[in-house]
Amino acid sequence: MAGVPFILCENLVKIYKVANLEVVALQGLDLTVNRGEMVGLVGTSGSGKTTLMNILGGMDRPSAGRVWVDGDDLLKLSDHLLDRYRQTKVGFVWQQGSRNLVSYLDALANVSVPMRLDGLDQKETRRRSVELLEAVGLSDRQNHTLGQLSGGEQQRVAIAVALANQPALLLADEPTGEVDTATAQSIFRIFRDLNLRLELTIIIVSHDPGIARYVDRVIAIRDGKTASETIRQEPVVGSDIDEEEKYEELTVLDSVGRLQVPKEYLERYNIQGRARLDLVEEGILIRPAPRETSTTQKVDEFVVGRPQKKVFFSRWSQRIQRIFRPGGKA
Ligand code: ADP
Ligand code: MG
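The notes below deal with the structure included here.

Okay, the site of ligand 1 next. In the vicinity of ligand 1, the residues found are Y16, V18, V23, A25, T44, S45, G46, S47, G48, K49, T50 and T51. The backbone of G46 places a nitrogen or oxygen atom 2.6 Å from an oxygen atom of ligand 1. Within the backbone of G48, an N or O atom sits 3.0 Å from an oxygen atom of ligand 1. Among the secondary structure elements, those contributing two or more residues to the shell around ligand 1 are β1 (7-18), β2 (21-33) and α1 (49-56). Broken down by element, the shell around ligand 1 gets its largest block of residues, three residues, from α1. By residue class, the composition of the shell around ligand 1 is four nonpolar, seven polar and one charged.

Structure below.
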């Protein structure tokens, strides 16, 4: 479908019911990913990353909202078609290599399993399996079983397995969660290489801040909602700024203009419940709303660059205090 993003989530809600309790895992999440994009997904534990991956992978259905992947409206697919979607369009890589693989089979046989199940003949299966192991840099480990491979090598076999059925979308949920930094980097590099060579759309959940340099965008989820995006800035030719400065984290607005303000910002300025928005020269200023009682002094602190108003507030505050608390000190 022309003009439609490869992945589109609108106002996605997922509520888990456990006994009499309801857990809201996704609360109105919006997400757009283009075909061929490689995206990192970050967020604290419990923020809804796995829930989102399960929905995109057709393993779970949302409670409300809309989700399209590659032209399929996942909410409208029958159970049978959703099974088919999961088997043909999506590849998964999980955190533990063991979850991705059959322990007593060698690497080659592991990669062959999905193709044989899909009815591909033995010769073609073998040819493709060899090719896939080569693509993840494991040609020399074809006949090693799980126990004979390192954690990083197991994850590379897992990536080859995930690609066996030529999916259009690859989902990896903390694939580097159990390997060291150097191995994590080599795994990110393989994902990037596959992304570019096969025009594969990839979403990787990760806790590794270093992921930013391997992906097109890093999306942060907070409390079941898309909160911010980190994009790589175009390097300035000839500049000597360091790596850190080439990334910029942007807050995401949802379809009706709501945005999530980071908790630490709110706490720093003691903003709760309501806030005051003002247009200033550079943009929009968010300030604490004045409380009903004598909190006007607090407001003073945040009126930056407007001395005349600050004076006004202080005087006003003093007057109010005189009126309501005779003898009270300002
Ligand atoms: P993340 O992957 O970011 O750590 P999850 O998507 O696993 O987060 O979980 C989001 C929230 O939903 C958490 O509060 C979690 O406890 C809850 N949750 C996840 N899966 C289930 C489930 N199957 N049943 C009940 N609650 C769940
Ligand atoms: Mg998770």
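Having seen it, we continue.
Structurally, S206 can be placed in the loop between β8 (201-205) and β9 (217-222). Separated by 2.9 Å, the side chain of S206 and the backbone nitrogen of D208 make a polar contact. Not counting chain neighbours up to four residues away, the residues in contact with S206 comprise L41, V42, T176, F188 and I211.

Turning our attention to the layout of surface pockets. By volume, the largest pocket is sized at about 540 Å³. Along its surface, the largest pocket is lined by 22 residues, and F92, P114, V161, A162 and N165 are the ones closest to its centre. For the lining of the largest pocket, the elements supplying multiple residues, two or more each, are α2 (79-89), β6 (90-93), α3 (97-100), α4 (107-117) and α6 (151-162). By residue number, the principal contributor to the lining of the largest pocket is α4, which donates four residues. Across the lining of the largest pocket, the residue classes tally to 13 nonpolar, five polar and four charged.

Take V205: it is sitting in strand β8. Sequence separation between V205 and Q95 is 110 residues; the distance between their C-alpha atoms is 9.5 Å. Those residues in contact with V205, other than ones at most four positions away along the chain, are L41, K49, M53, A172, D173, E174 and P175.

The next thing to look at is the nonpolar core. If you look at the biggest cluster of nonpolar residues, it comprises 37 residues, and the most contacted ones within it are I159 and F191. If you list the elements that add at least two residues to this core, you get α4, α5 (122-135), α6, β7 (169-173), α7 (181-198) and β8. Residue contacts for F191: discarding those within four places in its chain leaves M38, V93, I159, L170, A172, P175, I202 and I204. Among the nonpolar cores identified, the runner-up in size contains 29 residues, and C9, L26, L29 and V90 belong to it.

Looking now at the packing of aromatic side chains. The way to describe two aromatic rings as a pair is by their centre distance and the angle between their planes. Under the defined criterion, the tally for this structure stands at two aromatic pairs. Measuring from centroid to centroid gives 5.2 Å for F92 and W94, while their planes differ by 5°, and the two rings are stacked. Between the aromatic rings of F188 and Y214, the centroid separation amounts to 5.6 Å while the plane-to-plane angle is 35°, which identifies the pairing as tilted. Here the residue F188 occupies a position in helix α7, and Y214 occupies one in the loop between β8 and β9, the gap between them amounting to 26 residues. Each member of the pair F188 and Y214 is classed as buried.

Here four strands make up an open sheet; going across it, the order is β2-β1-β4-β5 and the pairing antiparallel. Taken across any chain shown, the strands that pair with only one partner, and hence form the sheet edges, are β2 and β5 (72-73). Bridge analysis of strand β4 (residues 64-69) against β5 gives two bridges, and the strand direction is antiparallel. Within β5, the residue paired with V69 across the bridge is D72. Contacts from α1 reach β1, β2 and β4 within the one sheet, and its direction differs from that of β1 by about 115°.

Our next topic: the packing of α4 against α6. Viewed as axis vectors pointing N to C, α4 and α6 meet at an angle of 25°, and their least axial separation amounts to 8 Å. With respect to α6, the axis of α4 lies roughly parallel. Every pair of crossing elements has a handedness; the one defined by α4 and α6 is right-handed. Only V157, A160 and V161 of α6 make contact with α4, whose side of the interface consists of A107, N110, V111 and P114.

Geometry of a packed helix pair, given as the angle between the helix axes and the separation of the axes. Running from N to C, α4 and α5 point in directions that differ by 125°, and their axes come no closer than 9 Å. In terms of axis orientation, α4 runs oblique to α5. Taken as a pair, α4 and α5 cross one another with a handedness that is right-handed. Across from A107, L108, V111, S112, M115 and R116 in α4, the residues of α5 making contact are Q122, T125, R126, R128, S129, V130, L132 and L133.

Turning our eyes to something else, we now look at the environment of R126. Among the secondary structure elements, R126 is positioned in helix α5. Beyond its immediate sequence surroundings of up to four residues, R126 is in contact with L108 and Q142.

About the thresholds
Residues numbered from 1 in each chain as written. Chains lettered and ligands numbered in written order. Predicted model: local features only at pLDDT ≥ 70, side-chain atom pairs only at ≥ 80, totals over all residues. Heavy atoms only, no water. Near = heavy atom within 4 Å. Polar contact = N/O pair within 3.5 Å; in protein donor to acceptor, adjacent residues only side chain to side chain. Helix = DSSP H or I, 4+ residues; strand = E, 2+ residues; numbered from the N terminus. Nonpolar A, V, L, I, M, F, W, Y, C, P; charged D, E, K, R; others polar. Contact = heavy atoms within 4.5 Å. 1 Å grid on protein atoms, 1.4 Å probe; cavity = no way out; pocket = protein on both sides within 12 Å on 5 of 7 lines; lining within 4 Å. Points joined across faces, edges and corners; volume = space filled by probe spheres on them. Core = buried A, V, L, I, M, F, W, Y, C linked by side-chain atoms within 4.5 Å. Buried < 20%, exposed > 50% of the residue type's maximum accessible area, 1.4 Å probe, protein only. Phe/Tyr/Trp six-rings, centres within 6.5 Å; stacked < 30°, edge-to-face > 60°. Pairing = 2+ DSSP bridges. Axes fitted to C-alpha atoms, helices over the stretch in contact; angles between N-to-C directions. Parallel < 35°, antiparallel > 145°, perpendicular 65-115°, else oblique. Left-handed = near helix turned anticlockwise from the far one by under 90°.

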